[in-house]
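The lines below spell out each chain.
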Amino acid sequence: MTYRNRAQIALNLGGLIADGFIAVEAQDAQQVKNIGGDIIKMAKALGVSENILSRGNSINEFAENSDWSVLQEELEATQNEVKASMQSHRDQDLVILVSLGGWIRGTQVVSGAILKNFDGRTAKVLRQPALVKFIQSKIDSISPDLRNEPLVRDVGSQLAVIEKLVSFPPGNAPSSEDVRKI
């Protein structure tokens, strides 16, 4: 929970929000509450917490009551409020990084699940070249100072590798080794 810069906080916040959605799907109330608290801590570190503190309390309440459908909506609303708050503070670069962090974590979880019980038909879901190109274009639009931070540069270079791995021909499936690399 202690990161050195705003870019790292934003990327990790996106991943944490993705974990929140996974915890809701798993109907793990304690994990949802833990993640909700961590989201608030990270949002505070980014200066956007005033808009989501009440959402954090709602997340805990819905988790305790096992109100899963409302909880998922509340988590989506929290994610949207974090992004809206960043945009209102003119932190569009951080909005991009939060979204990127969520996509990275989601892709990590999906590819891990596919690899666990590898099936070429299921692995086809990883074919996302247009999405990776779109994400790369968003990273390219980040301010030069932030884009030149080592972490953001590393993520950008890894996206080029991932783009090649998810650009297999339509109708084909990636190998289990490619899924592992993803």
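**Here's the deal with the overall build of the protein chain**
On a plain count of helices and strands, the protein chain comes out with 10 helices and zero strands. Taken from N to C terminus, the helices and strands of the protein chain fall in the order α-α-α-α-α-α-α-α-α-α. In terms of its C-alpha atoms, the protein chain occupies a principal-axis envelope of roughly 45 × 40 × 25 Å. Per-residue burial for the protein chain yields a buried fraction of 41% across its 182 residues. Restricting to contacts in the protein chain with at least 6 residues of sequence separation, those with at least 24 account for 70%. Distance from the positive charge centre (20 side chains) to the negative charge centre (22 side chains) of the protein chain: 7 Å.

**Let's talk about the nonpolar core**
Leu13, Val32, Leu71, Leu97 and Leu100 are the most contacted members of the largest nonpolar core, which totals 46 residues. Those elements that provide at least two residues to this core are helix H1 (6-25), helix H2 (29-46), helix H3 (53-64), helix H4 (68-88), helix H5 (92-116), helix H7 (129-140) and helix H9 (150-165). Dropping the residues within four chain positions of it, Leu97 is found in contact with Ala7, Ala10, Leu11, Ile142, Leu146 and Val152.

**Regarding H2**
Spanning 18 residues, H2 covers 26 Å between terminal C-alpha atoms, matching the ideal 26 Å at 1.5 Å per step. Turning to H2, its buried residues are Val32, Ile35, Gly36, Ile39, Ile40, Met42, Ala43 and Leu46. Trailing H2 by a residue or two, Gly47 shows a phi angle of about 80 degrees, which is positive.

**Things to note about the confidence of the model for the protein chain**
Taken residue by residue, the protein chain gives an average pLDDT of 86. The fraction at 70 or more is 90%. The spread of mean pLDDT over the elements of the protein chain runs between H3, the lowest at 72, and helix H10 (residues 176-181), the highest at 96.

**Some words on the packing of H5 against H7**
For the pair H5 and H7, interaxial distance at closest approach is 10 Å and the crossing angle is 150 degrees. When the interaxial angle is binned, H5 and H7 end up roughly antiparallel. Viewed along their axes, H5 and H7 form a crossing whose handedness is left-handed. Listed contacts from H7 to Ile96, Leu100 and Trp103 of H5 are Leu131, Val132, Ile135, Lys138 and Ile139. Split into classes, the residues belonging to the contact of H5 with H7 amount to seven nonpolar, no polar and one charged.

Analysis parameters
Residues numbered from 1 in each chain as written. Predicted model: local features only at pLDDT ≥ 70, side-chain atom pairs only at ≥ 80, totals over all residues. Heavy atoms only, no water. Helix = DSSP H or I, 4+ residues; strand = E, 2+ residues; numbered from the N terminus. Buried < 20%, exposed > 50% of the residue type's maximum accessible area, 1.4 Å probe, protein only. Contact = heavy atoms within 4.5 Å. Lys, Arg positive; Asp, Glu negative; His and termini not counted. Charge placed at Lys NZ, Arg CZ, Asp CG, Glu CD. Core = buried A, V, L, I, M, F, W, Y, C linked by side-chain atoms within 4.5 Å. Expected span 1.5 Å × (residues − 1). pLDDT = per-residue confidence, 0-100. Axes fitted to C-alpha atoms, helices over the stretch in contact; angles between N-to-C directions. Parallel < 35°, antiparallel > 145°, perpendicular 65-115°, else oblique. Left-handed = near helix turned anticlockwise from the far one by under 90°. Nonpolar A, V, L, I, M, F, W, Y, C, P; charged D, E, K, R; others polar.

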